[in-house]
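Structural overview for review
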Amino acid sequence: MAAVSYKPYFSAGLKEWIFTTDHKKIGIMYGVTSLIFFLIAGLSALAIRLELYQPGLQHMSEDTYNQALTVHGVVMQFWWAVGIWSSFGNYLLPLMIGARDVAFPRLNALSYWFFFAASVLALLTLLPGNHIKMMWTGYPPFSLNDNAGPTAFYALIVHMLGASSLASAINLVVTNLTMRAPGITLKKMNLFLHSFLAMNVIQILGVPALAGAVTMLLMDKYFQTAFFDPTRGGDPLLYQNLFWFYSHPVVYVMILPAFGLISEMIAVFSRREIFGKTSMIIAIWGIALLGFMVWIHHMFTSGVPDWIRILFSYTTVLIGVPTGIKIFNWVFTLYKGSVRFKTPMLYTLSAIFMFLIGGLTGIPLGLPAFDIAVHDSHFVVAHFHYVLGMSLTLAAFGGFHYWYPKYTGRMYSELWAKIGLLLIMIGSNLFYFLQFIVGLEGMPRRYADYPPIDSWIWLHELQTIGSMILGFGIIVAVLNLLLSTKLGKKAEDNPWSSPSLEWLVPSPPPPHNFDKIPHMPEDWDPYNYEWLEKQHRKH
Amino acid sequence: MKEVLAYPANYWQTMYEIWLIISVVIYLVVFLPAAYFLVKYRYRKGINEKAQHVEESKALEVLWTIIPTIVVIYLATQSFAFYRVQRNAPEGALEIKVTAFMWGWEFEYPNGKKVFSFFNSVVDPEKNVYLTTDKVNDMFKAYIPEGRPIKVLCTSRDVIHSFYVHPAKVTEDCVPGRITHLWFQINKPGDYWVFCREYCGTQHSKMAAVLKVVPKEEFENWLQQGVQANQENSKHNL
Ligand code: HEM
Ligand SMILES: [Cu+2]
Ligand SMILES: [Cu+2]
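Residues numbered from 1 in each chain as written. Chains lettered and ligands numbered in written order. Predicted model: local features only at pLDDT ≥ 70, side-chain atom pairs only at ≥ 80, totals over all residues. Heavy atoms only, no water.

1. Here we look at the site of ligand 1
Residues and elements named next belong to chain A. Applied cut-off: Any residue with a heavy atom positioned within 4 Å of a molecule or strand is treated as near that molecule or strand. Here a polar contact is recorded for every N or O atom pair within 3.5 Å, except that within protein the pair must consist of a potential hydrogen donor and a potential acceptor, and residues adjacent in sequence are included only if both atoms are side-chain atoms. Put simply, DSSP marks the helices as runs of H or I at least four residues long and the strands as runs of E at least two long, and each gets a number from the N terminus on. In the scheme used here, Gly and all other residues not listed as nonpolar or charged are polar, with Ala, Val, Leu, Ile, Met, Phe, Trp, Tyr, Cys and Pro taken as nonpolar and Asp, Glu, Lys and Arg as charged.
Near ligand 1 there are 28 residues, and of these Tyr65, His72, His385, Arg445 and Arg446 occur at the shortest range. Tyrosine 65 is positioned with one of its side-chain polar atoms (N or O) 2.6 Å from an oxygen atom of ligand 1. At 2.9 Å from an oxygen atom of ligand 1 is found a side-chain nitrogen or oxygen belonging to arginine 445. Elements that contribute at least two residues to the shell around ligand 1 include exactly helix H2 (23-52), helix H3 (62-96), helix H14 (378-402), helix H16 (414-440) and helix H17 (454-487). For the shell around ligand 1, the residue count by class is 16 nonpolar, 9 polar and 3 charged.

Below is the structure:
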């Protein structure tokens, strides 16, 4: 498209990176931070798995285990499963809607630096004396107890992240709604944009509840209030209600963007418009809405009245319906397509079929008659690892590969990418599937040690082996991405032949994205692959 | 009814089997067509280079909205029916008060007899590893009569814990300032685990206790013996 050639957006000095308000640089900064934290949390998980290899404590004390698990949970949730979408959202959203930047570029930089500040705080908790051991849920009264470590760290980290998410969410919603180039109507927005819109709306509605909860926690611990302290008339379940009012919807903040990526990739590599696009959009918003009406399923054994549990079991399982619609539509997108098995497509298909396992094992957790036996067991842990640890992570890694030529102007090695994925799939299925079984056998979660019950022992041994294969696969995938920035072949501007707007600018894009704000013609659609061919023929 | 090890685990078992069958069917219903499409419509040079146009299908959309709705509502209703039984103790259940604390359990029987079990009562003190249930000192075991429903009233002295009866497949949190309940019945003498299922700090993973299920007469004898004795024994641990 561009006649003049510009320096790519990333050739800039350190100072320019630090003071940048360019959405692409900020996107990359989010991505690098997220990925580093993902690796830290992954290492702490491998340490945990090593400890669980055999009953007894071989490698660490209980306190170290609890700290490592807190780090793993907090970082995986907030830096990886939520944080990584700030990277994709910032980088791609303005490009997809034909804008030169987000609506409030400086606010955007501030969002990142809040995220950075939270990262520094998180690293500070690794210093002796600062260890936090309250798990990512931070339930009082335990989190008010000194055994949990400095609560202030936990509360301030959540606040920093909350401020960052809120600012970023408002920014991206406004950008999406007001800055779309002429011709990109609501109907012609791709599903990535729809998912990110819904995700950011959830953030705006939900974050305040969590911020309120941790503020009350902070005041209880340091300013003698008694919101949650039962000995002085408070109620610990109030915290759980506030916490899950946000933290259930937040699982859709995590997974809806993943769905968005999956939709983009499966359409491109089947060369077909998403089947049932309208129903996909309805499903996204249905999930977002229902997501706020199910939080009690995290409290099915917490002592709330039985009738509330039953009520929320119905709302919970109903979420399966819009989720199912999405899966069926993806499958039918393959129908009569022309399917290409490139790495991002393989990641996408893996993400879908792992999500299916995660979803099907989520349904029984919404049934109190089932949950009564597996609540807070490794069954739950396996369920959310299929959903987050696998499906979300596979979608994100698929996205790294898919937009890799866009980000870097180069291609990764297809062979190593496939080897990485194969290792990840073998390792994680061995690990997480057996985690279900040990959970069904009763193994409680957050246990540094466990009794020598025969079946538990071999199940844990195999899980640890699986997790090591998984870790190895991740290393292969990440190394391939890193090394290819230098060794990779030069990529074409639009290697996947997608008519989506981000692919119509050069790869990597110039600093200002578009020379002219594009006017998209009537017959253009982000999934109209014929249109692109017609354009090529015209030239 | 066929001989089951523990109630209400049998209801969980049935719920589990119903769910498992439905899930496997759903998985196949999604996976098989997908696998077929992937093979049939793969890109092949000269044969399948371009996707064909596909009309949207209202009928399909309606189908895969209605059927899952019916399935999940059925599951929730089945769960509702089971849950009533799983939650409500039968008439004449023996009531035991359980108080959780960091890190151990206090069991109080109707006649005032108490049993304490601490995190270090279930481990080998030298090696800090779990004992098997038979190696745990009987003094720390909560005796339970065989084949009799037990209703547990649970609370906590400090933070939230959760009382999980391993063979009966039931768990309920023990929340300070509240009294929660659950019930179970074990039909075979033996030693069974109870675990804390809500994270509660350093010794969370050793916050276990052993239930010693014995024939009814043996239980009655035990209940009458030394109501206060083992409290003295346990004091040094506190
Ligand atoms: C190398 C890959 C991973 C390994 C080996 C791993 C391992 C584990 C294990 C063993 C536990 C449970 C420990 C226990 O309850 O005692 C756990 C918990 C958890 N994992 Fe992972 N995991 C991995 C990746 C992920 C990813 C990618 C995510 C999210 C995106 C994730 C999110 C969580 C969360 C939220 C918890 C719960 C923490 C808590 O109980 O507070 N994990 N992980
Ligand atoms: Cu939830
Ligand atoms: Cu406990």
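2. Re the domain arrangement of chain B
Residue and element names in this part refer to chain B. Condition: Here the bounds of each domain stem from an automatic or database domain assignment. Two residues qualify as a contact provided that any one of their heavy atoms is within 4.5 Å of a heavy atom in the partner residue. Here, a salt bridge means any Lys or Arg side-chain nitrogen found within 4 Å of an Asp or Glu carboxyl oxygen.
Structurally, chain B comprises domain 1 (6-42 + 56-87) and domain 2 (94-233). For domain 1 and domain 2, the distance between their C-alpha centres works out to 37 Å. Counting residues at the interface gives 9 residues for domain 1 and 12 residues for domain 2. Along the contact surface separating domain 1 from domain 2 lie 1 salt bridge. One salt bridge in this structure joins arginine 87 and glutamate 172, with 3.3 Å as the shortest N-O distance.

3. So, the coordination of the copper ion (ligand 3)
Residue and element names in this part refer to chain B. As a reminder of what qualifies: Nitrogen, oxygen and sulfur within 2.8 Å of a metal are treated as its donors, or within 3.2 Å for sodium, potassium and calcium (Na, K, Ca); water is not counted, so a site can appear incomplete. Any coordination sphere not matching a tetrahedral pattern (four donors, all angles between 85 and 135 degrees) or a square planar or octahedral pattern (four or six donors, opposite donors over 155 degrees apart, other angles between 65 and 115) is reported as irregular. For the exposure calls, accessible area comes from a 1.4 Å probe over protein chains only, and a residue counts as buried if that area is under 20% of its type's maximum, exposed if over 50%, partly exposed in between.
Donor atoms from the polypeptide that bind the copper ion (ligand 3) are His161 (ND1), Cys196 (SG), Cys200 (SG) and Met207 (SD), placed at 2.0 to 2.5 Å. One can describe the donor arrangement at the copper ion (ligand 3) as tetrahedral, given that its 4 donor atoms subtend angles of 87 to 124 degrees at the metal. Donor residues for the copper ion (ligand 3) sit on one chain with the sequence pattern H-x34-C-x3-C-x6-M. Each member of the pair, cysteine 200 as well as methionine 207, carries the same accessibility label: buried.

4. Quick look at the interface of chain B and chain A
Selection rule: Throughout, buried area stands for the accessible area (probe radius 1.4 Å) lost by two parts on being put together, summed over both.
Taken together, the contacts link 77 residues of chain B with 88 residues of chain A. Buried surface at the junction of chain B and chain A, both sides included, amounts to about 7300 Å², of which 66% is carbon and sulfur. Summed over the three residues of chain B that lose the most area to chain A, namely Trp64(B), Arg197(B) and Tyr199(B), the buried surface amounts to 11% of that side. Taken together, the links from chain B to chain A amount to 7 salt bridges. Arg309(A) serves as the salt-bridge partner of Glu172(B), at 2.8 Å between the closest nitrogen and oxygen. Applying the counting rule to chain B against chain A returns 34 residue pairs in polar contact (both at pLDDT 80 or more). Breaking the side of chain B that touches chain A down by element, the ones donating at least two residues are helix H1 (9-40), helix H2 (58-87), strand E6 (129-130), strand E10 (170-174) and strand E12 (190-196) of chain B. Ranked by residues supplied to the side of chain B that touches chain A, first place goes to H2(B) with 17 residues.

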